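Residues per chain are reported as follows:
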Amino acid sequence: MTVTMSVVKKRTSPQEWIHDYFSPVLTVYANEDAELIANKNNLSFTELLQPFSKMTTDVTIKDVDGTNHNVPSLNIILQDFKKDPQKAVNQKLMLDRISEENCDEKELLSKHFEKLTLDAPGYTPWFDIWMKFYLQTLPVVEHEYLKHHLGCIFAVSTCSPNPVEQLRTLSANQHRHQHEKAGSYPTYFCPNILKYYVLVHDSYSAIDDGTAQELFTQVQNAFDSANCHFLQVNSRNPQSPEAPSPSVPDHWFSFSHRWISVETRRGKSFTSGMSTSPIISTDHISAPSSSPTADTLSHPLAYPSLPDSPAPHTPAPRLTQATPKSVAALLTANDIDRIRIFTRELTIKCLIPYVEKQLRLLSEIVTNRKSRSLFSGAKRWFGSNKPNSAGGTSVVYSKEAPELQVRKLADLYFLLKLFKPAYNYFYIAKKDFLADEAWPYYAAAVELAALSMFMLSSSEPGKKYRPDYMEDAITKYLTLCQAPEFAVRATLFDGLCLKHQGLFTEAATSYIRMTNELSDLRSAMLLEQAAYCFLLGNPASTRKYGFHIVLAGYRFTKTGGCKKHAARLYSQGAQVYAGRDWQLSTEHILYTLGHMKFMLKDFGAAAEYFNSLMEGAVGSGHLQQMVHLREFFLVHHARAKEDKSVVVITLPKLHSQQTVVRLDNREHREEMLTTWHTLEKVVKETVSGQEMVHLTSTCQPVFSNTTTNHLNPQGVTGEPISVMVTMENLFNTPLQLRKAHLLWKFTPLDSEQVFSNDKKEAVSTMYVETGVLEVVTIEKSSQSQLTFQLTVLTPGQLIVTGVEYSLKAMFPDKEPTDHEIRGKQIFSITPPHVNSVRDRKNRSGAGVDNRLDIRVVGQLPRLEAEMQTPETMAQGELRCCELELRNTGPVAMSGVYLVSQTPGLVSFGKKKKGEEEKSSLYDFPLVQDNGQQFRRSREDGSVEQVSLDLLPVPLSHGSVQPGCSVRLPVWVRGPDTLGTSQHNLSVYYDTTDSPSKSTPRLTSLPLSLVSQPSLQVQCRRSGQLSHSNTPGRQVVVSLSNMSKDLVTSMDSLTVTQVVLVSRDQQLAVVQSSSAGCSVSRGETTSLAVQTVQLETVEPQWRDMARLSQLPANVIIPGGRLHFSSVTARGTAGHPTHCPPFTDFIKSYFTHNLGRRGNAPVLGQDLCVVMWRSGGTSPAMGQTVVIVEEGQEDVGELVGVDGGSEEVLELTEPAPLYPVSVTVIVQTEMVHDFVETNHCCVKVEVVMEGKQDKGVLLQYKLDGQVKGARVSGNTDGLVWLEVGKQNRLELGVTVSMPGFFHLKNLQFRAKSMDSCDKNYFEASGEEFLPVDISFTVRQAG
């Protein structure tokens, strides 16, 4: 039982410890009548006096020089003559009393360190109790006189037949015991002891006060009146109905460092077998009483009766357990004052005069020390000279030895608080003992010299505590004296003095040195104090504190009686090791704490510690962890029997961060999920035509640790929600989960009432259907992902809080204690770290993760999309596939769009008749976002912008009804990237029933396509090879068949159509034969095409980099496009200006330039080649390339087939001259060369300027051609004004039939403002030939 004390505990200073422990000792010898008076208060007579043995006022003492000294608060130690206090204390008593004193968690003080906050008690009263008890167990030894009794107090009762004779008998008994039983308790300071006589009177006894006074007068006459005292007690009438004063017992039960014998009967200590009655008796007046536990056997520590003691005739009443209600029941405040007066008169009238007399006697002896020189020399001569011998020393002093008289004198001064002379004599004594190598005497003298210096340090600044003295004493006690108990005493006082001076590290070292393996309680106490010293040091050593505080807790556990102290110390140590990843230390602390709490029947706390132990397991699988696992189930089973509620457990290990919430059952690619929010936002903006600052809701189907989870998942009424929970079994035995289900809280829409399933009610409710996993086994040392199902039946807010299950370990060797427990785990998801910019400052903090906070809306359509694609496709191959859309929801859907992250991959083909033709080429421009999610890094370090292609899905009825499916043809173009490529497609749709911003949904449609090589096209453009009256360019298309050998249908590819897509040009003339339309495998052929310019586009509208930076209010011209094509013979060609062909070139346009609504701009001209493969199932393809500008390589391209020098000479592009040259000639004529051997062909050449300026034109004939002679005006310089023509009439005379192609007539021209006929003399313009072609046939 823990006693509640009304006096507040306070810390005891080192000075108080020294004052009150080293105090004069007196024996109290009371007869049985006096004991009976005290026994009425459940006290012995000695216990009655002990609380008041310390003076409340100062006293004065005179030294040998006649100088008066003031002694403050002198304490007297009173000990029972019949009971040795050393034997009144045993280990169990100490454990019981220490265990009653503890510090509750709320009483701990918090101290903050860097990155660490520790809780520790501000005061350790249990250490004071242990120190008080330990010091009480020290024996009285010959080498010091501090605990030798100075005298004896004899007490008899007024109820005794003859008080004077009784006192004489007691005195005679004491005298006989002192001189005949030398060495037994009590041991006296000197033969001539102090004697004090007390007559005790019970106020309500049969003896009245007058008779009592007469009896006291007889006592005064028989003994010296100064040594007599009349003590009246028990002033309270035992028959009084009034309750005794509650404050009186506090004198015995208030917390104190001073020893009071009633300690042996306090609380549960009374049951530990302590003797509470007189032990010895010398006559018929005082007889022993029985032990509190047995009438026949006395306690083992009890002192045996003297041989000459007569048999007892009347047993004294047994003292009962000491409690505030059972002690001092008949005492009043007046009685307390009388006892205080008694102790004061004893001190002033008797003790102090006696001590002054002893000081004078001893001083005379010490003064005549020279008389001992011969003796000392002889003693050293015969003594041992081996200071390190095991016995310490063989020096033996006689009782009258001068060295001992010096020691007696020093001790008397020390007991009377005269520390200066005490130190002087201790110093002299230690020198003598050192010279004699009397080590027990030396160690004790050095110890007291150090304490004297400490006590002097507070009053004399020149004096300081000497730790080296105490170190020397402790070492000698341990090594040479073999007296560890006195080494502990010296350590205790050394620690107090060092801490008082702020030397905490030194104090800790001193405490630690006195720990050993034999005394667990002592080691625990000292280690705890050492730990606090490390914490109080400057700087604080927190790791040393944690290590030693845990060691102290461990030693407390070994005592077997201080479990609460051990638990408290382990809890304090756990704060140091928490979060340090010191696995073994943490496991030991948590297991010990849990085990102790379990033994203390605190099953709730034990379960928490075992939870922490299991949570920190690392899966090493050692045997100790299996022990922990068994006890984990045992503890939780015991807790469940006490409390039926389902509590949190930490087994198996729950990986909350890996929890995945799925709102559908489709597979989604990771890159699709990471960009879902941005994709959804831009698609909603494009479809609605309204910009959104940010998304307020999302239809994201999967929420995991790699997705963006700041928005709540949006569940739909009636649709299942899957939650995948990852659990790990770290142990070497399988774990079985039964009846596992999710825990949730649900708040219906338009209601504030919260429903949950964490009670003992039904798992499912009318709001939420909860799926239950019957049995799941997690194998040893493995992870398992458990999938739980929830179906919400009404709109509202659903929060998934945790998972509940029954758990059982499948041990290979089953035991009866292998229980199945029911528990739960709560999800704890750490939000991501977010960097943001606010007020132009970079800010960093925790984000939000709402993956388990699900917003449930009403019924919506639910789309399942599937597209069948071929296993392999050729590059650019066009294949018609089938897209199936199934509405499995309860509501019709409309507004369906196909979203592709690969523009130019798919198309729905030509629009049906009746659909409204739009002026724009595309329904929606490519959607491009500046977010990081739509910028893909290439291997070379460049960044690729990902664009979204949004295509309206042509539904015949505009919607898909519930339960219906729609199949649509979709054109797919083989990707240009060889090998396997992944493409992310999505289908966007909305409900027909009250659509809003949150109702649209997206269904992902991933495609995986394998592309094989086919036709490789390269297109380059250069100037024309000859003069043309119409502006245009020369385009050479290089075609290579790169198909694989295994594909027989691709042996030969036929080019069916070549299309030029341009803003200003179109195809005019094919300058190649039809042989170039077929390309065999591995071959390359070229097609030369001439283009003409239809429009003029200003250079500023061609610079795409500049256009992309224009503000959003600029209208960009150039929306007109020219689709021109040439087709092979026998083919009608494809309408390449219509879908699906235009959809496949959408990615080559630049979208979203300038003002919203601007048409997409084609930055570079495109060459589209339509081709067809051979075989029974020919494949159609569309290859698209950008027309490159290349002047220098044209000769190589054209010369691929011919390779002759003549062709290569003509590859240099002709300069552009600002004139139109037209040749008028009859292309075919008939002449009879037999009749006339010459024929003259009339040729007219018309020259006209093409600009707003005049043109200077020079022409000449570059020699004659054999067989065709040109005549007429063949050389000249002409100025052509604006709008004027110049006609040359020439004749060509031929002498034989045939085809004639003349190029010897050449010209050059220059546009200028005014005519400068000398311009060509210095210029380097080239002459261009004028083509003159005709045929002359032979007549007949």
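Read on for an overview of the structure. (Residues numbered from 1 in each chain as written. Predicted model: local features only at pLDDT ≥ 70, side-chain atom pairs only at ≥ 80, totals over all residues. Heavy atoms only, no water.)

## Quick word on the sheet that holds strand 54 (residues 1268–1272)
1) Next: The sheet built from four strands is open, its strands ordered 50-52-56-54 with antiparallel pairing. In this open sheet, the two strands that pair with only one neighbour each are strand 50 (1219–1225) and strand 54. Between one strand axis and the next, the sheet turns by 25° as a mean value, whatever way the strands run.
2) Next: Of the pairings in the sheet, the one linking strand 50 to strand 52 (residues 1239–1249) comprises seven bridges and is antiparallel in character. Bridge pairing links Val 1219 to Gly 1249 in strand 52. (Pairing = 2+ DSSP bridges. Helix = DSSP H or I, 4+ residues; strand = E, 2+ residues; numbered from the N terminus. Axes fitted to C-alpha atoms, helices over the stretch in contact; angles between N-to-C directions.)

## Concerning unusual backbone geometry
1) Next: Across the junction of Tyr 185 and Pro 186, the peptide omega takes the value -5°, indicating a cis bond.
2) Next: One can find Pro 186 in the loop between helix 6 (163–180) and strand 8 (194–202).
3) Next: Here Leu 651 and Pro 652 are connected by a cis peptide whose omega angle stands at -10°.
4) Next: Within the secondary structure layout, Pro 652 lies in the loop between strand 10 (647–648) and strand 11 (653–662).
5) Next: One non-glycine residue, Asn 234, lies in positive phi territory at about 55°.
6) Next: Examined against the element boundaries, Asn 234 turns out to sit in the loop between strand 9 (228–233) and helix 8 (250–253).
7) Next: Positive phi outside glycine occurs at Lys 417, with the angle close to 70°.
8) Next: With respect to the helices and strands, the residue Lys 417 is situated in the loop between helix 11 (402–415) and helix 12 (419–436).
9) Next: By relative accessible area, Lys 417 is classed as buried at 10%. (Buried < 20%, exposed > 50% of the residue type's maximum accessible area, 1.4 Å probe, protein only.)

## A look at the pattern of salt bridges
1) Next: Per the counting criterion, the structure on display carries 48 salt bridges.
2) Next: Asp 818 is the partner of Arg 630 in a salt bridge, and the nearest nitrogen-oxygen pair spans 2.6 Å. Linking Arg 630 in helix 22 (residues 623–642) with Asp 818 in the loop between strand 20 (796–809) and strand 21 (821–826), this pair joins segments that are 188 residues apart in sequence.
3) Next: On the accessibility criterion, Arg 630 (18% relative accessible area) is buried.
4) Next: The residue Arg 1001 makes a salt bridge to Glu 719 at a minimum N-O spacing of 3.0 Å. Of this pair, Arg 1001 sits in strand 37 (residues 1001–1012) while Glu 719 sits in the loop between strand 13 (714–716) and strand 14 (720–729); the two residues are 282 residues apart in sequence, bridging distant segments of the chain. Of the two residues, Arg 1001 and Glu 719, neither departs from the other in class, the shared state being buried. (Salt bridge = Lys/Arg side-chain N within 4 Å of Asp/Glu carboxyl O.)

Purely geometric stuff here, so don't read any function into it on its own.
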